[in-house]
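Inside the fold
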Amino acid sequence: MLKNYLKTALRSFQRNKSSFFINVVGLSIGLTCSLLIFLWVLDEFQVDKFHTDSNQIYQIMEYQHYANEINTTLSTPGVLPPALKEEIPEIEYSSGYTWNLNALFTKDNISFKENGIYAHNDLFYILSIDLKSGNKEQLLTKPSSIVISEELAEKYFKDQNPIGESLLFNNEYLLTVTGVFGELPKTSTFQFDFIRSYDDWLEANEWANEWGNNGPRTIAKVASGTDIDLLNEKIKDFIKGKNEGSHVELFAYPFAKRYLYGQFENGVNVGGRIDYIRLFVIVAIFVLLIACINFMNLSTAKATKRSKEVGIRKSIGASKNSLIGQFIGESLFISVFSLLIAILLVELTLPLFNELVDKSIVLDYGNPVILLILFSTVLVTGLVSGSYPAFYLSSMEAVKTLKGSLKSSGKEAFARKGLVIFQFTLSVTLIISTVLIYNQIQYTQNKNLGYKKENVINLTIEDEIHNNWDAFKNQVLAVPGVTDISRSSSTLLSRNSNTMGVSWENKNPDDRILFENVMVGYDFIETMGLELVEGRAYSRDYGIDSTKIILNEAAIKIMGLENPIGKTFTLWGDDYEIIGIVKDFNYENLRNEVEPLFLRLRPGVGWRAFVRLESSSIASSLSGIEEVYKSFNTNYPFDYQFMDEQYAALYRSEMRIGELAKYFSIFAIIISCLGLFGLSAFTAEQRAKEIGIRKVLGATVHGLVLLLSADFTKLVLIAIGISVPLSWWLMNKWLSAFAYNAGIEWWVFAIAGLTALIIAWTTVSWQSIKAALTNPVNSLKSE
């Protein structure tokens, strides 16, 4: 029986080559897109899941209560980890760790910048770090100890055993290597090449020893069987017990969930990267569904050609179920054949796809999950695309099919039209969404941020440059093409330091308002192009400005001050005179509104140098700055970044989403047009005699093309009408996540609709013109 089904299927494909080709191409493209998305989704779900006992690992986080909101943060007091381990029995291991930082490593006159963190020894008991050598119990328990990666061990020690050997850190600290670890998986959110003792960091950062100050992070491993709700209740007021007057609440959040579900609003988890995953899973299903619709439409459209076959089979005893099995089998055959082509296309496009999504995805045929995805995808595709044609064809009446009196019903035509509308609704929605995402990305890149990010480089102030800042600044200013230079404690790209320890005249003592604390050097306002609304900038011409302060407009607004210049602003008990108001500028992602901020003059404190260059001589200016830099920090590489490039990197995720949406919308349109091409060919063939009669009666080619295109035009217009409100709702929801967004303009819908119409007309007109140019004698001679 199976052999007979296969023969019948192959004969059917041979008789209907164009339909077979359209189905295979459409399904292959649809399966390729879907498989790429499913592989990406699978990789996303694997992040941080490789750790042993991952369900026992928790990130200790804070709810910080302010006047009108609850802020959720990873930052915790530096002294929290050992206190939790000591006082909370359910916590078996607890480690603090810092943000990633770059440091200069020197060994035998070889120097490189490396990236790493400071952490407690417990980190090796919490995370599954592949320790190659060293005593796990004592890796980071002693001062000046460091654990390095195999890559660093090879770089600095070659074939020598690095354990017990020394490395010079930032030209200042001689560290002892106590361990070597293997390469961290790509699916780990922890990525570093060294870990230094956390106690060394606490010693160098006294502020982190205070319970009222936050900065580093805390990760913990709880005992098996721990009730997390009870644990959270126990640690909720832990900091309040250490710091009287604190409004901070602790909670334990599953570490493995943090990557996908890391976004909080007002103390409530509202998703995170999981939203993008859901979005693209829907896109994958839509693209595959569009391809399946092609199969359904073409199969039912060609039904009359197979009606006699169905009639003969039924008359000799074939049951309805056997016919359904045959047609489903044909559908599965096409799906399997398309899947083989799709796998080839996936293998060919994976390198480009990995580059686009910044992953290292491989199609691992030995992975049972991937095999399950392949099997289930082809099975679902075959069943979905073949089910309607199978039931439709098998339900035909044998007598009517053999008499030749079978005609297409209105229901059948209505179903085909509905499926075409559905296809183009999805395609146009994807087009509109892609354009709006692109517009938002362009908006973020071109918006006036309140400062001038173009032609500005920033670099880290360290070692001799830190010790001799004024000399370095003057020499850099002497480089041709350099217009300004200053320093700051902020990158102006994210929050770095903030405080509630502020007050002013008539402040409500119950108000808890967070102010961003930015320490700056002289000429910072001029270098960054900030706009002064009132008052003046910091200047040496006015003597001691360290007791003065500059606020932004958001701060003045929330303080409710009128005529603020000259008034007193109290910070941590010290009084400062307000000398200037700067226009609000965005110092973090545009998803967030501008918050209150103050600029405090500290000429010798800021760790970032900002240098403004003339656009006409950037290359020569950089060469001159490097020469000055090397004269101060001989061993350090000249590492700098352009500020506009750093700013663009903030929206890398949105850019990737935009690129993916662009490509998938193009593929969706191609698949839809393949189906439209096949249907238009069928329509032209079905109406051949009508066209011949019209031509004999004097109809023009132009008139016939319009006649044949009219029906499809109506379907596409209906699809546009449905997709406009649908895409507006979807994208309005997406844009609402940005405090500053480009909005939704009417012309986006007009362009998307017109594009869909032009593509549809182009697709249909080929068959329409071909039919209109056919000699009427050929179509009428059988009459």
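From a predicted model like this one, the values you see are computed outputs, not experimental measurements.

Brief notes about the overall build of the protein chain
- When you go through the protein chain residue by residue, the secondary structure sums to 26 helices and 26 strands.
- Of the contacts formed within the protein chain by residues at least 6 apart in sequence, a portion of 77% connects residues at least 24 apart.
- For the protein chain, the computed accessible surface area is about 36,100 Å², with 55% contributed by carbon and sulfur atoms.

What about the side chain of Arg196?
- Mapped onto the fold, Arg196 is located in strand β10 (residues 194-197).
- Residue class for Arg196 comes out buried when judged on its relative accessible area of 3%.
- At 3.1 Å, the side chain of Arg196 and the side chain of Tyr118 are in polar contact.
- Sequence-distant contacts of Arg196, that is, excluding residues within four places in its chain, are made with Ile117, Tyr118, Ala119, Leu140, Ser145, Ile146, Phe169, Tyr173 and Leu175.

Quick look at the packing of aromatic side chains
- Summed over all chains, the structure comprises 34 aromatic pairs.
- Relative to Phe638, the ring of Tyr629 lies with its centre 5.3 Å away and its plane at 55°, an arrangement referred to as tilted. Residue Tyr629 shares its accessibility class with Phe638, and that shared class is buried.
- For Lys257, the ring lying beneath its charged end belongs to Tyr261, and the centroid distance is 5.3 Å.
- Above the ring of Phe738, the side-chain terminus of Arg591 is found at 4.3 Å from the ring centroid.

Here's the deal with the nonpolar core
- In this structure, Tyr451, Phe515, Met528, Tyr538, Leu551, Phe569 and Leu599 are the most contacted members of the largest nonpolar core, which totals 120 residues.
- Apart from residues lying up to four places away in sequence, Leu551 is in contact with Ile556, Met559, Phe569, Ile578, Gly580, Ile581, Val582, Leu597 and Phe598.
- Residues Ile457, Leu459, Ile485 and Tyr629 belong to the second largest nonpolar core, which totals 22 residues.

Some points on helix α7 (residues 228-235)
- Ile228, Leu231, Asn232 and Ile235 are the residues of α7 that are buried. In an axial view of α7, the angular spread of the buried residues amounts to 100°, which keeps them on one side of the axis. In α7, the exposed residues that point more than 90 degrees away from the buried face are Asp229, Leu230 and Glu233.
- Packed against the buried residues of α7 are β1 (57-65), α3 (80-87), β11 (217-222), α8 (238-242) and β12 (248-254).
- Near the N-terminus of α7, the side chain that reaches the backbone nitrogen of Asp229, with its oxygen 3.0 Å away, is that of Asp227.

Some points on the side chain of Ser433
- By secondary structure assignment, the location of Ser433 is in helix α15 (residues 410-446).
- Here the side chain of Ser433 touches Thr429 through a polar contact of 2.8 Å, landing on its backbone oxygen.

A word on the packing of helix α17 (residues 469-477) against helix α20 (residues 618-632)
- Close contact between α17 and α20 brings their axes to 9 Å; oriented N to C, the two are set at 155°. With respect to α20, the element α17 is oriented roughly antiparallel. Once α17 is placed against α20, the crossing between them reads as right-handed. Facing Ala471, Phe472, Gln475 and Val476 of α17, the residues of α20 in contact are Ile625, Val628, Tyr629, Ser631 and Phe632.
- Of the residues assigned to the contact of α17 with α20, the class counts are seven nonpolar, two polar and no charged.

About the criteria used
Residues numbered from 1 in each chain as written. Predicted model: local features only at pLDDT ≥ 70, side-chain atom pairs only at ≥ 80, totals over all residues. Heavy atoms only, no water. Helix = DSSP H or I, 4+ residues; strand = E, 2+ residues; numbered from the N terminus. Contact = heavy atoms within 4.5 Å. Areas by Shrake-Rupley, 256 points an atom, 1.4 Å probe, with all protein chains shown as cover. Buried < 20%, exposed > 50% of the residue type's maximum accessible area, 1.4 Å probe, protein only. Polar contact = N/O pair within 3.5 Å; in protein donor to acceptor, adjacent residues only side chain to side chain. Phe/Tyr/Trp six-rings, centres within 6.5 Å; stacked < 30°, edge-to-face > 60°. Lys NZ or Arg CZ within 6 Å of the ring centre and 35° of its normal. Core = buried A, V, L, I, M, F, W, Y, C linked by side-chain atoms within 4.5 Å. Arc of directions from axis to C-beta. Axes fitted to C-alpha atoms, helices over the stretch in contact; angles between N-to-C directions. Parallel < 35°, antiparallel > 145°, perpendicular 65-115°, else oblique. Left-handed = near helix turned anticlockwise from the far one by under 90°. Nonpolar A, V, L, I, M, F, W, Y, C, P; charged D, E, K, R; others polar.

Any link to function would need more than the numbers given here.
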